[in-house]
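Architecture at a glance
Letter by letter, the chains look like this.
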Amino acid sequence: MAAHLSSGRVNLTALREAGRRELREFLDKCAGSKAIVWDEYLTGPFGLIAQYSLLKEHEVEKMFTLKPGRLPAADVKNIIFFVRPKLELMDIITENILSEDRGRSPQRDFHILFVPRRSLLCEQWLKDQGVLGSFIHKEQYSLDLIPFDGDLLSMESESAFKECYLESDQTSLYHAAKGLMTLQALYGTIPQIFGKGECARHVANMMIRMKREFPGSQNSIFPVFDTLLLLDRNVDLLTPLATQLTYEGLIDEIYGIQNTYVKLPPEKFAPKKQGEGGKDLPTEPKKLQLNSAEELYAEIRDKNFNAVGSVLSKKAKVISAAFEERHHAKTVGEIKQFVSQLPHMQAARSSLANHTSIAELIKDITTSEDFFDNLTVEQEFMSGIDTDKVNNYVEDCIAQKHPLIKILRLVCLQSVCNSGLKQKVLDHYKREIIQTYGYEHILTLNNLEKAGLLKPQTSGRNNYPTIRKTLRLWMDDVNEQNPNDISYVYSGYAPLSVRLAQLLARPGWRSIEEVLKMLPGPHFEERQQLPTGLQKKRQHGENRVTLVFFLGGVTYAEIAALRFLSQMEDGGTEYVIATTKLINGTCWIKSLMEKLEPAPF
């Protein structure tokens, strides 16, 4: 099942195995039959660690979603709550337990598993409600970094950016540091740490402190990673706001990928039977898993969408030619060989059919006038055109009451590309937004300002043109079919975060000291001593391995750009990506939105 996790330079199956082992140990503590009550948000991430079959082996007979009221009837000895440490969930658990029929026999045993950490606040809350004593086991399950693919790890902490930048809550940074310690326990100490940004500095400090406090964590494993690069999301606020133009990026922008799964409109996937004329169209969304275990997806996911069509048509020809082979199979041996290849060919054919349908769905959107107009304005901002005055297209969109998130993405993009907006322009946008969409969005605008996304220009200087030119963030002659630079992922714009990673590898950050000072937060370098005998002697032609950790979220387009750098012939560095959350501009802005509820009179 997890072969795709071991396909890269770093075998991430070991991390998944460690997670499964910890889960098995906990389940075995609760002897007898079990029912798990899930905090709904956790089911997706857990699905990437353990399938239902593993739970079944350990006597899990029933699974329920955590909701208010009575627990569903289940003839089991143990009820286990798998929850995040959030007070609102503690209220539901309290209700579940208090409505339990005390007279029933035999009594059911209750247990609680906090993910990723126990919380004193939650336990005190349960105690005040009088139910803490009902739990036999109160434990934590440290689900920090979850392997999504052979080169991708995520904590799936949906509010990490908001917590760090708006609420000054560093809990998710502590989890990130813990996750990195777990990685080092499995894959050896990372000798070099580079970082940029306040949060990056905090995580590095916590890692160094944890290492000092647990001298036993110094292990004798040969280091797999050469370098760790910690990057704050607020060093590059621009990239997630722009529309991603890779195949995977567009699927995420339009349909949203959750824990490697996407739900798509079913019409395109209905099997076409002759003469029926689409009587019984399916109504359930089509759910597909997207990862590199699927050969075709691994090949096309990181390409610019304009280059996907030609790959699909080539594949179609190859597959139909392979099926034609059956007519030429004469001898028993040849027929046997054809039959043995059949399952693989049929899987390839169904994979091709699925991706052709997805590409058609996306093409319907990318060829629309609205998509083109929006993209044109984004690209004008990113290349520095008219960023200092009110934009007509944005005004028209507000007047036509386009979705608010679309408007916010555009005005934030303009603000970031102008190092903040002139007060007059900013006030105009705010007034228009509040008059059109309602006063309740005033808190959202306030949050965006606090996060540095939509703010007045304070220094009176726009640093973005200098940053753009020095880091070559805008490329006019971009080759989407056979790219030679990372800017292909946004058809012209090279993600600033990935450019920083690229320049760190070669020629080093000393060459861009001035620009680094213009970007928020400190930049730093730390070295971790390796025990004697573990220093790495690199073979000639062997690539370095760098772990890039995005604190506050990363987009699929940035992941595609880093994979492109890994595959470059003369690159010399392979990248593994870790993040607090996989994001796109929409879900990122949504996480910062707050609605002012009218007072109940």
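- Per an unreviewed UniProt entry, the chain goes by the name Vacuolar protein sorting-associated protein 33A and belongs to Alligator mississippiensis.
- Its UniProt record gives the chain a comment under Sequence similarities (unreviewed entry), which states: "Belongs to the STXBP/unc-18/SEC1 family."

Describing the domain arrangement of the chain
- Taken domain by domain, the chain consists of domain 1 (3-143), domain 2 (148-239 + 496-588), domain 3 (247-272 + 283-367) and domain 4 (384-462).
- When each unit is reduced to the centre of its C-alpha atoms, the spacing between domain 3 and domain 4 is 40 Å.

Concerning the sheet that holds strand E12 (residues 286-289)
- The three strands lie next to each other as E10-E11-E12, forming an open sheet whose pairing is antiparallel. Unpaired on one side and paired on the other, strand E10 (257-258) and E12 mark the two borders of the sheet.
- Examined bridge by bridge, strand E11 (residues 261-264) and E12 share four bridges and lie antiparallel to one another. Paired with Tyr261 across the strands is Gln289, a residue of E12.

Comments concerning the side chain of Thr546
- Take Thr546: it is sitting in strand E14 (residues 544-551).
- A relative accessible area of 7% places Thr546 in the buried class.
- Leaving out residues up to four positions away in the same chain, Thr546 has contacts with Thr227, Leu229, Thr573, Glu574, Tyr575 and Val576.

Concerning unusual backbone geometry
- Residue Pro116 is reached from Val115 by a cis peptide bond, and omega for that bond is 0°.
- Along the chain, Arg506 connects to Pro507 via a cis peptide bond; the corresponding omega equals 5°.
- Mapping Pro507 onto the fold places it in the loop between helix H20 (496-505) and helix H21 (513-518).
- The backbone phi angle of Glu59 is positive, close to 65°, even though this residue is not glycine.

Re empty space enclosed by the protein
- Applying the stated criterion across every chain, the model contains one cavity of 30 Å³ or more.
- Considering only enclosed or pocket space, the largest cavity measures out at about 90 Å³ in volume.
- Contributing to the lining of the largest cavity are Phe148, Asp149, Leu152, Glu248, Ile257, Thr260, Leu290, Asn291, Arg301, Tyr556 and Arg563.
- At the level of elements, strand E6 (146-149) and helix H22 (556-567) are the ones that each hand at least two residues to the lining of the largest cavity.
- Formed jointly, the lining of the largest cavity draws a minimum of three residues from each of two domains, domain 2 (148-239 + 496-588) and domain 3 (247-272 + 283-367).

Overview of the nonpolar core
- Judged by nonpolar contacts, the single largest core of 163 residues is most densely connected at Phe82, Leu230, Leu453, Leu500 and Phe549.
- Counting residues in hydrophobic clusters, the runner-up holds 23 residues, among them Leu66, Ile79, Met90 and Phe110.

Focus: the packing of aromatic side chains
- Using the criterion set out here, one finds 15 aromatic pairs in the structure.
- Each ring, one from Phe161 and one from Trp588, has its centre 5.2 Å from the other, and the planes form 70°; the classification is edge-to-face. Note that Phe161 is positioned in helix H6 (residues 160-165) and Trp588 in helix H23 (residues 585-592), a separation of 427 residues in sequence. The same class applies to Phe161 as to Trp588, namely buried.
- Within the aromatic cluster, the residues linked to one another by ring pairs are Phe26, Trp38, Phe46, Phe82 and Tyr141.
- Seen from the ring of Tyr261, Lys287 lies directly overhead, with NZ or CZ sitting 4.8 Å from the centre.

With respect to the pattern of salt bridges
- Tallied over the entire structure, the rule returns 33 salt bridges.
- Asp144 is paired through a salt bridge with Arg117; the nearest N and O atoms lie 3.1 Å apart. A residue pair is termed long-range when its members are at least 10 positions apart, and Asp144 in the loop between strand E5 (135-140) and E6 and Arg117 in the loop between strand E4 (109-114) and helix H5 (120-128) qualify at 27 residues.
- We classify Asp144 as buried; its relative accessible area is 5%.
- Its salt-bridge partner being Asp485, residue Arg499 comes within 3.0 Å of it at the nearest N-O pair. Residue Arg499 is located in helix H20, and its partner Asp485 is located in the loop between helix H19 (464-470) and H20; the two are separated by 14 residues in the primary sequence.
- According to the relative accessible area criterion, Asp485 is buried, its value standing at 9%.

Definitions and cut-offs
- Residues numbered from 1 in each chain as written.
- Predicted model: local features only at pLDDT ≥ 70, side-chain atom pairs only at ≥ 80, totals over all residues.
- Heavy atoms only, no water.
- UniProt positions renumbered as here; feature names shortened; annotations may be inferred.
- Domains from an automatic or database assignment.
- Pairing = 2+ DSSP bridges.
- Helix = DSSP H or I, 4+ residues; strand = E, 2+ residues; numbered from the N terminus.
- Buried < 20%, exposed > 50% of the residue type's maximum accessible area, 1.4 Å probe, protein only.
- Contact = heavy atoms within 4.5 Å.
- 1 Å grid on protein atoms, 1.4 Å probe; cavity = no way out; pocket = protein on both sides within 12 Å on 5 of 7 lines; lining within 4 Å.
- Points joined across faces, edges and corners; volume = space filled by probe spheres on them.
- Core = buried A, V, L, I, M, F, W, Y, C linked by side-chain atoms within 4.5 Å.
- Phe/Tyr/Trp six-rings, centres within 6.5 Å; stacked < 30°, edge-to-face > 60°.
- Lys NZ or Arg CZ within 6 Å of the ring centre and 35° of its normal.
- Salt bridge = Lys/Arg side-chain N within 4 Å of Asp/Glu carboxyl O.

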